[in-house]
Amino acid sequence: MTPRPPSDDSPKMNGATGETGAKKPAAVKKTAVKKAAEGKTTAKKAAAGKKAIAGKKAAAGKKAVGGKAVGKKAPGSKTTASKVAGGKTTASKAVKASKKVPEPAADGAPVLAPVLPPVLAPVFAGVDPGDRERLLSGTHHNPHGVLGAHPVQGGVAFRAFRPYALGVTVVTDDLRAELHDDGDGFFSGLLPLRAVPASYRLVVAYEETEQETEDAYRFLPALGEFDLHLLGEGRHEQLWRALGAEPMVHQGVTGTRFAVWAPNARGVRLAGTFNFWDGTGYPMRSLGSSGVWELFVPAIGEGELYKFDITRPDGTHTLRADPMARRTEAPPRTSSIVHASHHEWRDEDWMTGRGVRAAHEAPFSVYEVHLASWRPGLTYRQLAEQLPAYVSDLGFTHVELMPVAEHPFGGSWGYQVTGFYAPTARLGTPDDFKYLVDALHQAGIGVLMDWVPAHFPRDDWALAEFDGRPLYEHEDPLRAAHPDWGTLEFDYGRREVRNFLVANAVYWCEEFHIDGLRVDAVASMLYLDYSREPGQWVPNEHGGRENLDAVAFLQEMNATVYRRNPGVVTIAEESTAWDGVTRATHHIGPGGFGGLGFGLKWNMGWMHDSLDYVAHDPIHRQYHHNEMTFSMVYAYSENYVLPISHDEVVHGKRSLVSKMPGDWWQQRANTRAYLGFMWAHPGKQLLFMGQEFAQGAEWSEAHGPDWWLLDPAYGAEPDHRGIRDLVRDLNTVYAREPALWQRDTDPTGFTWIAGDAAEDNVFAFLRHDADGTPLLAVSNFSPAVRHGYRLGVPEDIPAWHEILNTDAAHYGGSNVLNQDPVKPEPHPTHGRPTSIQLTLPPLATLWLRPA
């Protein structure tokens with residue numbers, strides 16, 4: 001992979017909150033919170049037009065029910081229930097004033113809890129000073145053990161932590177009780193109840209408004225013990241269902257459960273639009289040794305923005321986006337967004353049939369796309385109206401999307417990911433992206449996606465030192481820092497990190513119906529000394545340079561993805577000769593390692609060698625002939641993809657047609673001959689957008705392909721259209737000729753006819769399908785027409801018919817064709833008893849099959 005610019009150049013956040021384009025959170029300003037937007041009923045208008053909430057001005061001896069003063073003075077009581085609950089009389093005084101427990105009322109009115117003798121009654125229902133300090137500083141591990149409703153001696157203690165509130169009232173079906181203001185946002189009261197109410201609500205009054213809401217601290221954890229067990233084992237294969245923001249109904253209440261893994265944090269609080277980005281009053285609880293912090297927040301739903309306010313080990317705070325966020329703001333903004341999918345899939349036929357035939361035994365030609373620049377300005381849904389039709393017309397079986405996961409710096413093309421579980425918001429919502437995948441599937445096109453588990457950027461609102469210490473990255477700085485891209489490498493030896501990545505691979509396949517993952521920069525993961533000098537790396541436990549943790553991670557990822565998603569293919573961008581990239585994980589190779597378990601591997605060697613060959617002037621190509629034949633020495637060592645990708649047409653490397661020598665006609669002819677050779681060579685094909693119509697300029701993510709070259713008003717349009725027509729025909733003939741793909745990984749599927757014709761610049765070989773039926777491919781990389789060129793062929797084929805010729809006039813060629821069937825002659829050539837004579841066009845590739 002070409003080195004990408006570090007994300008240090010990415011847009012930075014404004015203000016202390018990390019929210020771009022927004023002011024400092026209103027909640028840090030007392031007056032702003034007093035005017036909280038959520039409340040629509042002011043204190044003056046509360047309780048159906050009453051001038052004051054019930055219980056505050058209720059007549060002596062009355063009991064507040066539903067905001068009305070009703071009932072009679074409790075028998076034997078000198079202090080009314082409303083005054084006890086209202087906070088006007090302290091809990092201890094209220095208990096002393098009570099004389100006896102009332103009998104149950106016939107009408108079902110609430111019954112006060114038994115009152116203990118005054119000497120045993122607690123004198124304070126508020127928050128302990130130590131808990132108070134920890135809650136204020138954001139270092140409390142168990143806020144639910146303090147806040148909410150708790151049975152205590154003498155009744156039930158209610159405690160709320162609502163910074164900037166003027167008052168807090170507890171409301172049940174039968175009771176309304178104002179809590180005492182303990183200062184610093186704490187409110188408490190001791191109500192003489194027998195047990196904690198099954199449900200209750202809080203009415204929180206601010207200066208000009210009040211909010212009625214469920215108490216977040218009355219709920220049990222919304223994360224189960226089995227989830228925590230799997231998290232601890234590093235085996236939660238659907239991790240996104242356990243961590244992150246999950247809208248749900250919990251204990252009968254609608255809201256959102258927030259959970260985050262931050263084992264080094266001294267405390268975690270939730271901040272978002274719902275609390276004006278001040279998480280003070282929203283502390284999360286620690287779920288034991290799991291390192292997970294959790295909070296269920298009632299009434300919070302889809303579309304809310306949020307982050308986690310993490311207290312680091314040194315006591316400082318950091319505001320972080322959710323690593324598991326399924327939706328994010330569009331960069332440069334960085335907030336996570338609560339999301340639930342509503343997309344209804346319509347690709348049942350595709351999903352049912354995609355696993356019928358293994359990828360390496362099926363037609364597999366790939367159109368690589370950078371979505372943001374394919375048609376600049378289009379959204380996912382607009383792309384769904386154009387991309388499937390275009391790709392289908394050209395006959396590609398798959399598209400490969402450059403990284404779709406959220407990233408801050410567009411110039412990284414998506415290869416520096418911050419939101420591993422969120423499709424980039426630049427083009428729409430996650431459901432919009434699903435709509436695009438769905439449309440491609442309905443058009444019969446598979447969807448591959450670039451996936452980047454090798455590294456992540458250092459942005460201080462994302463994964464880097466997430467909870468104040470190295471967490472997702474390796475704790476050893478030598479292992480953590482990626483030497484090429486200014487990024488950080490994952491700690492593959494930590495089971496939770498490995499789980500985060502394995503589940504992420506599963507997530508894209510299961511939630512977005514992705515058909516394959518092209519794993520980026522695998523070589524940088526496999527070697528401890530990758531781009532490092534002596535002294536900058538430490539050997540593994542066996543003294544070798546292999547990253548054993550990365551090997552284990554890749555094996556686990558591949559095994560898990562294939563087990564859970566039959567029909568999906570994983571593809572390695574691996575640029576070395578690592579043994580067994582596409583070998584099964586349980587098959588041990590000569591190096592002592594099991595295979596990595598990938599389905600396919602990019603053939604970087606073929607790409608470099610073949611492009612070097614065609615870049616030479618034809619007169620010099622004879623001295624580089626082996627660069628085109630060497631690939632067949634190792635062609636069956638792995639299952640290969642032949643990539644002409646984005647990496648080969650940027651950063652001064654020139655576009656494909658511009659790499660070719662000669663004048664414009666020769667450049668196009670060389671391109672056509674090269675593509676014909678590539679489609680006939682064993683392996684799957686991949687071509688980057690713009691190269692299908694011979695774009696002359698390098699690709700730029702800023703403006704995308706030069707579509708104007710295909711405008712009929714442009715004088716050279718036929719030249720570019722001719723290349724595109726050839727690509728269409730290559731795909732069409734390729735798909736209907738099993739010899740070109742059925743035995744791609746079987747050495748018996750290929751036979752050289754002429755692999756040593758260096759002086760002629762000619763290559764000729766046979767491809768065979770499963771039944772042995774051959775296809776003859778001949779390439780002439782010389783500008784000379786070669787008449788009567790003799791090639792040895794199988795003697796059992798009575799005649800050969802030309803089915804594709806890249807020199808055809810409608811492709812822009814000179815139209816030197818073999819129009820009539822060619823019959824073999826008993827003339828021994830190339831070690832065969834029979835041969836045929838062909839006319840080889842200049843700078844062209846021919847395909848012939850039995851007539």
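What you see is a predicted model, and the numbers here were worked out from it, not measured in a lab.

**What about the overall build of the protein?**
Okay, step 1: Across its full length, the protein holds 21 helices and 35 strands.
Okay, step 2: Each of the 851 residues in the protein was classed as buried or not, and the buried ones make up 60%.
Okay, step 3: Restricting the contact set of the protein to residue pairs at least 6 apart, pairs at least 24 apart contribute 71%.
Okay, step 4: Taken as a whole, the protein presents about 32500 Å² of accessible surface, with 51% of it coming from carbon and sulfur.

**A few points about the confidence of the model for the protein**
Okay, step 1: Across the protein, the average pLDDT comes to 88, with 85% of residues at 70 or higher.
Okay, step 2: In the predicted structure, residues 1-123 sits below a pLDDT of 50 and forms 209 contacts with residues beyond four places in sequence or in another chain.

**With respect to the sheet that holds strand E29 (residues 750-757)**
Okay, step 1: Here five strands make up an open sheet; going across it, the order is E29-E30-E31-E35-E33 and the pairing antiparallel. The sheet is open, and its two edges are formed by E29 and strand E33 (800-805), each paired on a single side. When the angles between neighbouring strand axes are averaged without regard to direction, this sheet yields 20 degrees.
Okay, step 2: Strand direction decides the pairing type here: E29 and strand E30 (residues 762-768), joined by five bridges, are antiparallel. Of the residues in E30, the one forming a bridge with Ala757 is Val762.

**A look at the pattern of salt bridges**
Side-chain pairs of opposite charge can arise where the charged atoms are in close proximity.
Okay, step 1: This structure, assessed with the given rule, holds 40 salt bridges.
Okay, step 2: Two residues, Arg134 and Asp131, come together in a salt bridge whose shortest N-O distance is 2.7 Å. One end of the pair is Arg134 and the other is Asp131, both in helix H5 (residues 129-137) and three residues apart, which spans about a single turn.
Okay, step 3: Look at Arg134 and you get partly exposed, because its relative accessible area is 36%.
Okay, step 4: On the basis of relative accessibility, which here comes to 15%, the residue Asp131 falls in the buried class.
Okay, step 5: When the shortest N-O distance is used, the salt bridge between Asp529 and Arg545 registers 3.1 Å. With Asp529 in the loop between helix H13 (522-526) and helix H14 (548-564) and Arg545 in the loop between H13 and H14, this pair connects stretches of sequence that are 16 residues apart.
Okay, step 6: Assessed through its relative accessible area of 18%, Asp529 is described here as buried.

**Some thoughts on helix H12 (residues 495-511)**
Okay, step 1: The first and last C-alpha atoms of H12 sit 23 Å apart over 17 residues, in line with the 24 Å expected at 1.5 Å per residue.
Okay, step 2: For H12, a buried count of 15 out of 17 residues is recorded, marking the element as mostly surrounded by other parts of the structure.
Okay, step 3: Count one or two residues on from H12 and you reach His513, which has phi positive near 60 degrees.

**Overview of the environment of Pro842**
Okay, step 1: Among the secondary structure elements, Pro842 is positioned in the loop between strand E34 (834-840) and strand E35 (844-850).
Okay, step 2: Not counting the four nearest positions on each side in its chain, Pro842 is found in contact with Trp665, Asn780, Ser782, Pro783, Ala784, Val785, Asp807, Ser814 and Val816.

**Here we look at empty space enclosed by the protein**
Okay, step 1: Applying the stated criterion to the full structure yields seven cavities of 30 Å³ or more.
Okay, step 2: Considering only enclosed or pocket space, the largest cavity measures out at about 160 Å³ in volume.
Okay, step 3: For the largest cavity, the lining is made up of 21 residues, of which Ala321, Thr334, Thr418, Gly419 and Trp461 are closest to its centre.
Okay, step 4: Class assignment for the residues of the lining of the largest cavity results in ten nonpolar, seven polar and four charged.

**Structural notes on the sheet that holds strand E11 (residues 244-250)**
Okay, step 1: Spatially, E11-E12-E15-E14 is the arrangement adopted by the four strands of the open sheet, whose pairing is antiparallel. Each edge of the open sheet is held by one strand with a lone partner, namely E11 and strand E14 (285-286).
Okay, step 2: Relative to strand E12 (residues 253-261), E11 runs antiparallel, the two being bridged by seven bridges. The residue bridging Val249 from the neighbouring strand is Thr254, located in E12.

**Some words on the environment of Trp461**
Okay, step 1: Here Trp461 shows up in the loop between strand E23 (446-451) and helix H11 (477-480).
Okay, step 2: Judged by its relative accessible area of 7%, Trp461 falls in the buried class.
Okay, step 3: The sequence separation of Trp461 and Thr334 amounts to 127 residues, and the corresponding C-alpha distance is 7.8 Å.

**A closer look at the layout of surface pockets**
Okay, step 1: Looking at the second largest pocket, its volume works out to about 600 Å³.
Okay, step 2: Broken down by class, the residue content of the lining of the second largest pocket amounts to 16 nonpolar, twelve polar and three charged.

**Concerning the nonpolar core**
Okay, step 1: Leu371, Phe433 and Trp847 are the most contacted members of the largest nonpolar core, which has 178 residues in total.
Okay, step 2: Tallying contributions element by element places H12 first for this core, with ten residues.
Okay, step 3: Contact partners of Phe433, with chain neighbours within four places excluded, come to Leu371, Tyr380, Leu401, Val404, Pro423, Trp508, Phe512 and Ile514.
Okay, step 4: Membership of the second largest hydrophobic core comes to 19 residues, among which are Ile753, Tyr789, Leu791 and Leu846.

**Section: the side chain of His720**
Okay, step 1: Secondary-structure assignment places His720 in helix H21 (residues 717-736).
Okay, step 2: Ignoring sequence-local partners within four residues, the contact set of His720 consists of Trp664, Phe693, Ala694, Leu709, Leu710 and Tyr714.

**Describing the packing of helix H15 (residues 604-615) against helix H20 (residues 664-680)**
Okay, step 1: Between H15 and H20, the least distance of the axes is 11 Å, while the angle of their chain directions is 150 degrees. If you check the angle between H15 and H20, you find them roughly antiparallel. Handedness of the H15/H20 crossing: right-handed. Contacts from Trp606, Met607, Ser610, Leu611 and Val614 of H15 reach H20 at Tyr674, Phe677 and Met678.
Okay, step 2: Class assignment of the residues belonging to the contact of H15 with H20 gives a composition of seven nonpolar, one polar and no charged.

**Overview of H5**
Okay, step 1: Inspection of H5 places Asp131, Arg132 and Leu135 among the buried residues, and these make up the whole buried set. Angular distribution of buried residues about the axis of H5 spans 105 degrees; they occupy a single face of the element. Pointing more than 90 degrees away from the buried face of H5 are the exposed residues Pro129 and Glu133.
Okay, step 2: Where the residues of H5 are buried, they touch strand E4 (155-161), strand E7 (180-183), strand E8 (186-191) and strand E13 (267-272).

**Some words on the packing of aromatic side chains**
Okay, step 1: Summed over all chains, the structure comprises 50 aromatic pairs.
Okay, step 2: A ring pair is formed by Phe433 and Phe512, whose centres lie 5.6 Å apart and whose planes are at 50 degrees; its orientation type is tilted. Highlighted residues: Phe433 in helix H10 (residues 430-442) and Phe512 in the loop between H12 and strand E24 (516-519), separated in sequence by 79 residues.
Okay, step 3: Using a relative accessible area of 1% as the deciding quantity, one classes Phe512 as buried.
Okay, step 4: For the cation-ring pair, Arg672 lies above Trp665, with the distance from its terminal atom to the ring centre recorded as 5.9 Å.

**Observations concerning unusual backbone geometry**
Okay, step 1: The omega torsion across Pro331 and Pro332 is 10 degrees, close enough to zero to call that bond cis.
Okay, step 2: Examined against the element boundaries, Pro332 turns out to sit in the loop between strand E17 (317-320) and strand E18 (336-337).
Okay, step 3: A positive phi angle, near 70 degrees, is found at Arg654, a position not held by glycine.
Okay, step 4: Given a relative accessible area of 43%, Arg654 falls into the partly exposed group.

The rules behind each value
Residues numbered from 1 in each chain as written. Predicted model: local features only at pLDDT ≥ 70, side-chain atom pairs only at ≥ 80, totals over all residues. Heavy atoms only, no water. Helix = DSSP H or I, 4+ residues; strand = E, 2+ residues; numbered from the N terminus. Buried < 20%, exposed > 50% of the residue type's maximum accessible area, 1.4 Å probe, protein only. Contact = heavy atoms within 4.5 Å. Areas by Shrake-Rupley, 256 points an atom, 1.4 Å probe, with all protein chains shown as cover. pLDDT = per-residue confidence, 0-100. Pairing = 2+ DSSP bridges. Axes fitted to C-alpha atoms, helices over the stretch in contact; angles between N-to-C directions. Salt bridge = Lys/Arg side-chain N within 4 Å of Asp/Glu carboxyl O. Expected span 1.5 Å × (residues − 1). 1 Å grid on protein atoms, 1.4 Å probe; cavity = no way out; pocket = protein on both sides within 12 Å on 5 of 7 lines; lining within 4 Å. Points joined across faces, edges and corners; volume = space filled by probe spheres on them. Nonpolar A, V, L, I, M, F, W, Y, C, P; charged D, E, K, R; others polar. Core = buried A, V, L, I, M, F, W, Y, C linked by side-chain atoms within 4.5 Å. Parallel < 35°, antiparallel > 145°, perpendicular 65-115°, else oblique. Left-handed = near helix turned anticlockwise from the far one by under 90°. Arc of directions from axis to C-beta. Phe/Tyr/Trp six-rings, centres within 6.5 Å; stacked < 30°, edge-to-face > 60°. Lys NZ or Arg CZ within 6 Å of the ring centre and 35° of its normal.

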